[in-house]
Amino acid sequence: MRAVVYDTFGEQPRVTEVPDPAPAPGGVVISVAATGLCRSDWHGWMGHDPDIRTLPHVPGHELAGVVAAVGAGVTGWRIGERVTVPFICACGRCLTCAAGEHQVCEQQTQPGFTHWGSFADYVAIDSADVNLVGLPPGLPYGSAAALGCRFATAYRAVSVHGRVGAADWVAVHGCGGVGLSAVMIAVARGARVVAIDVSPAALELALGLGAEACVNAAACDDVPEAVRQETGGGAHVSIDALGSPKTCVASIEGLRRRGRHVQVGLLPPAAGVATVPMERVIAFELEITGSHGMAAHAYGPMVDMVTAGTLRPDLLITRTIGLDEAPAALAAMDAGPAAGVTVIMP
């Protein structure tokens, strides 16, 4: 099969032919129809992710496609079915999985990180009966690919951890794929959203998705104060969708009393350590929660909203490219992600 491969962290990837994967017992091989280009893929390529331990490596973790091969012991899936998967794939056997919390499985695998990923014609997925999500017939593969990471992650962050309700003020720090998804989902729940980013193009997209106000962090000396001004005293819920010490702290400091901060953006060691203002957390009785993806068994309500047209992940897609263009697009993220979501169609 053709795949995007890199042999050394930070050096230009290439498209080359590699052996086709075979399904493990309990697993499947998916023919990739679409896969998202995510900032996490860039972090992995740069060597920031400890899960990538062996080289050469194939990135890619947001995917949708068709089951192409089925391993021994799989009972719920057949060749030819249209599917997507969470970026955190669970084992289905540990105590955490038994409690239903597959997104923090103790023996999790992650395509594109713990093993070769979806910037390829085919990708292997373990524990298929636990991790595959069937796609409605009318859902395009490009939209479905976003569900596995950015959109599903934002959905759970907003609805489960943020508990966003009608008329809540929600601050979204970072309007990349996760942040724009959070804007759309919060608006769909009746919230009022203030979007924060350094990119005017990203903020323009956020406005188009229903954000009521924007803060350009590149032109603002005090982002938390700007959020408090826009929201009349601070956000009820604030989401750091970027993942940096600066945005983490700004998210917390922009909350009103009894507010809720949800940390979604990864904080790789290379970014430094966030110094959380715990004195404010205590005095304001703030909640701080991490959010790490969403289990396959929880996809139903989100997929129903997408099918009904209440949520439109397709509106986040600003560019579609082929596999041959993917190496340059991945390397270009060194200068910062482009506005919106890029989808690769192998």
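Counting restarts for each chain, with residues numbered from 1 along the sequence as it is written. Where totals are concerned, whole chains, interfaces and linings use all residues; where local detail is concerned, this predicted model gives features only for residues with pLDDT of at least 70, and gives and counts side-chain atom pairs only at 80 or more. Hydrogen atoms and water are omitted, and side-chain values are computed over all heavy atoms in the structure.

Participant: Explain the sheet that holds strand S12 (residues 255-263) to me, and be specific about the residues and the numbers.
Facilitator: Two strands pair under a simple rule: DSSP has to find at least two bridges between them. Only runs of H or I of at least four residues qualify as helices and only runs of E of at least two qualify as strands under DSSP, and these elements are numbered from the N terminus. Taken in spatial order, the six strands of this open sheet run S10-S9-S8-S11-S12-S13, and their pairing is parallel. In this open sheet, the two edge strands, each paired with only one partner strand, are strand S10 (213-216) and strand S13 (287-290). Here the average twist between neighbouring strands, direction ignored, is 15 degrees. One ladder, built from four bridges, connects strand S9 (residues 192-197) with S10; its direction is parallel. Paired with valine 194 across the two strands is alanine 213, which belongs to S10. Axis definition: a line fitted to C-alpha atoms, over the contacting stretch in the case of helices. Angles run 0 to 180 degrees between N-to-C directions.

Participant: How would you sum up the environment of asparagine 131? Please name residues and give values.
Facilitator: Within the secondary structure layout, asparagine 131 lies in helix H3 (residues 128-131). Considering only alpha carbons, one finds asparagine 131 and threonine 84, 47 residues apart in sequence, at a separation of 8.6 Å. With residues up to four places along the chain from it excluded, the contact list for asparagine 131 reads Thr84, Val85, Pro86, Ile88, Cys89, Ala90, Ile125, Asp126 and Ala296. Distance and chemistry together define a polar contact, namely a pair of N or O atoms within 3.5 Å, with one atom able to donate a hydrogen and the other to accept it when in protein, and with adjacent residues in sequence counting only for side-chain atoms on both sides. Within the structure, the side chain of asparagine 131 is placed 2.7 Å from the backbone nitrogen of alanine 90, a separation counted as a polar contact. Contacts are residue-level and defined by heavy atoms, with any inter-residue pair within 4.5 Å sufficient.

Participant: Go over the nonpolar core, please, and point to the residues and values.
Facilitator: Only buried Ala, Val, Leu, Ile, Met, Phe, Trp, Tyr and Cys residues count toward a nonpolar core, and they belong to the same one when joined by side-chain atoms within 4.5 Å. The rule is simple: take the accessible area with a 1.4 Å probe, protein chains only, and divide by the maximum for that residue type; under 20% is buried, over 50% is exposed, in between is partly exposed. Membership of the largest hydrophobic core comes to 48 residues, with the highest contact counts inside it found for Phe151, Val170, Ile239, Tyr299 and Met302. Mapped by element, the contributors of at least two residues to this core are helix H4 (141-161), strand S8 (169-173), helix H5 (177-188), S9, helix H6 (200-208), strand S11 (235-240), helix H10 (300-308) and strand S15 (341-345). Broken down by element, the residue count for this core peaks at nine residues, all from H4. Grouped together as the second largest cluster of nonpolar side chains are 22 residues, Val5, Val18, Trp42 and Phe113 included.

Participant: Run through the packing of aromatic side chains, naming residues and quoting values.
Facilitator: Think of a pair of aromatic rings as described by two things: how far the centres are apart, and how the planes are tilted against each other in angle. Only the six-membered ring of Trp is used, alongside the rings of Phe and Tyr, when aromatic pairs are assigned; centres must lie within 6.5 Å, and planes under 30 degrees apart are stacked while those over 60 apart are edge-to-face, with the rest tilted. In total, this model carries one aromatic pair according to the counting rule given. Geometrically, the ring pair formed by tyrosine 6 and phenylalanine 9 is tilted, given 6.3 Å between the ring centres and 50 degrees between the ring planes. To sit over a ring, a charge needs its Lys NZ or Arg CZ within 6 Å of the ring centre and within 35 degrees of the ring normal. Its end group placed over the ring of tryptophan 42, arginine 39 keeps NZ or CZ at 4.0 Å from the ring centre. Stacked on the ring of tyrosine 141, the Lys or Arg arginine 82 has its end atom at 4.5 Å from the ring centre.

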